[in-house]
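# Summary of the model geometry
The chain contents come next:
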Amino acid sequence: MANWVTGKIIETRFWTETLFSLTLNAPIKPFIAGQYAKLALDIEGERIQRAYSYVNSPDDDRLEFYFVIVPEGRLSPKLAALKPGDSLQITEDAAGFFILDEIPECKTLWMLSTGTAIGPFLSILQQGKNLDRFEHIVLVHAVRYSSDLSYLPLMEQLQQSYAGKLKIITVVSREKTGSSLMGRIPALIENGNLETAAGLSISPSDSHVMLCGNPEMVRDTRDILQSTREMKKHLRRKPGHISSEQYW
Ligand SMILES: Cc1cc2nc3c(=O)[nH]c(=O)nc-3n(C[C@H](O)[C@H](O)[C@H](O)COP(=O)(O)OP(=O)(O)OC[C@H]3O[C@@H](n4cnc5c(N)ncnc54)[C@H](O)[C@@H]3O)c2cc1C
Ligand SMILES: NC(=O)c1ccc[n+]([C@@H]2O[C@H](COP(=O)([O-])OP(=O)(O)OC[C@H]3O[C@@H](n4cnc5c(N)ncnc54)[C@H](OP(=O)(O)O)[C@@H]3O)[C@@H](O)[C@H]2O)c1
């Protein structure tokens, strides 16, 4: 049984009509960057709970989450209506194994995300702990429109602070822009454009790929990596090169 504590909203920020972030205070137990909490609201006598990844560093007590309003969704439209001072329920303990401790030794760590699933990577990179063992980190955020790149300023700031170790790449699927790759992650791996943009290769000899977000992106990317790069799913009992977290 989940142990629920009350969180108080301290800030709401709408990036677009459908993308928003909430910042809250809550007496949670420490979490590990990359993990998620469950957030809940009591709606018509029923507690509606869903998983959401922490965006903030575990060292920051302002808890931040990044959401998209799922049309007809039961919880996300209600979370979007919250205002500063409102409360919600949050699990005291975080969950999940999409964390650096689960990633084997490698030279290049690829962090590939769609939509709101940039969150766990921002938490990991903002904390900046245990990243010395990687020579290169490539953070990729794939969205429909460039206006969905809500955290681009933070990504740019992180790129600067990592002084050459971190490369950021944005991918936009539904419009052409000068500053982002156009298309979808699996196709951009297949045609080599993602690696060209990063100036690094994705290879089982020196890379590990973390995939987060849209389950179809996770599946299609894993298929491409398995068939064209001979990379394998990473399991604790059978080490490989691909770790993933699906959002639905
Ligand atoms: C480990 C984990 C971490 C997650 N972290 C986040 C997060 O940081 N931010 C976030 O916005 N969501 C996140 N999600 C998704 C979130 O838990 C909910 O599924 C989402 O908010 C929809 O809930 P809802 O009640 O509004 O919709 P529901 O009433 O549950 O119905 C939504 C239906 O829409 C689909 N759906 C669910 N999520 C999405 C989505 N993001 N995009 C498109 N379709 C979707 C599914 O098919 C689902 O059946 C995460 C999920 C998991 C498993
Ligand atoms: N983002 C918006 O502007 C917007 C607006 C209104 C409502 N919504 C709703 O919000 C929910 C989530 O939308 P979202 O835009 O955050 O996430 P999303 O639909 O998962 O799209 C994010 C990115 O993932 C890509 N993608 C989808 N399937 C893929 C696959 N199989 N392989 C590789 N990449 C793939 C998309 O490309 P494609 O564009 O090619 O699919 C897009 O670039 C949806 O229910 C949507 O209806 C979003």
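Residues numbered from 1 in each chain as written. Chains lettered and ligands numbered in written order. Predicted model: local features only at pLDDT ≥ 70, side-chain atom pairs only at ≥ 80, totals over all residues. Heavy atoms only, no water.

Looking at an unreviewed UniProt entry, the protein carries the name Flavodoxin/ferredoxin--NADP reductase, with the source organism given as Moellerella wisconsensis. For the record of the protein, the UniProt heading Cofactor (unreviewed entry) holds the text "FAD". In its Subcellular location (unreviewed entry) section, the UniProt record describing the protein reads: "Cytoplasm". (UniProt positions renumbered as here; feature names shortened; annotations may be inferred.)

### Some points on the site of ligand 1
Taken together, 19 residues lie around ligand 1, and Arg50, Ala51, Tyr52, Leu75 and Ser76 are the ones closest in. A distance of 2.7 Å separates an oxygen atom of ligand 1 from a polar side-chain atom of Arg50. Contact distances for ligand 1 include 3.3 Å between an oxygen atom and a backbone N or O atom of Val68. Taking a 2 Å distance to the grid points as the criterion, the majority of the atoms of ligand 1 fall inside the largest pocket. For the shell around ligand 1, the secondary structure elements donating two or more residues are β4 (46-53), β5 (63-68), α1 (76-80) and β12 (242-246). (Near = heavy atom within 4 Å. Polar contact = N/O pair within 3.5 Å; in protein donor to acceptor, adjacent residues only side chain to side chain. 1 Å grid on protein atoms, 1.4 Å probe; cavity = no way out; pocket = protein on both sides within 12 Å on 5 of 7 lines; lining within 4 Å. Sits in = over half its atoms within 2 Å of the grid points. Helix = DSSP H or I, 4+ residues; strand = E, 2+ residues; numbered from the N terminus.)

### Regarding the nonpolar core
Core analysis: the biggest nonpolar cluster contains 29 residues, and Leu122, Leu125 and Leu139 have the highest contact counts within it. Those elements giving two or more residues to this core turn out to be β7 (108-114), α2 (119-127), β8 (136-143), α3 (152-161), β9 (166-172) and β11 (207-213). The dominant element in this core, judged by the number of residues it contributes, is α2, at 4 residues. (Core = buried A, V, L, I, M, F, W, Y, C linked by side-chain atoms within 4.5 Å. Buried < 20%, exposed > 50% of the residue type's maximum accessible area, 1.4 Å probe, protein only.)

### Brief notes about the sheet that holds β12
Spatially, the 6 strands line up as an open sheet ordered β10-β9-β8-β7-β11-β12, and their pairing is parallel. Strand pairing shows two members of the sheet lacking a second neighbour, β10 (181-182) and β12, which therefore form its edges. Sheet topology places β7 next to β8; 7 bridges connect them, and they run parallel. In the sheet register, Thr108 faces β8, and the bridge partner there is His136. This element, α3, spans β8 and β9 of the sheet and lies at about 155° to β9. (Pairing = 2+ DSSP bridges. Contact = heavy atoms within 4.5 Å. Axes fitted to C-alpha atoms, helices over the stretch in contact; angles between N-to-C directions.)

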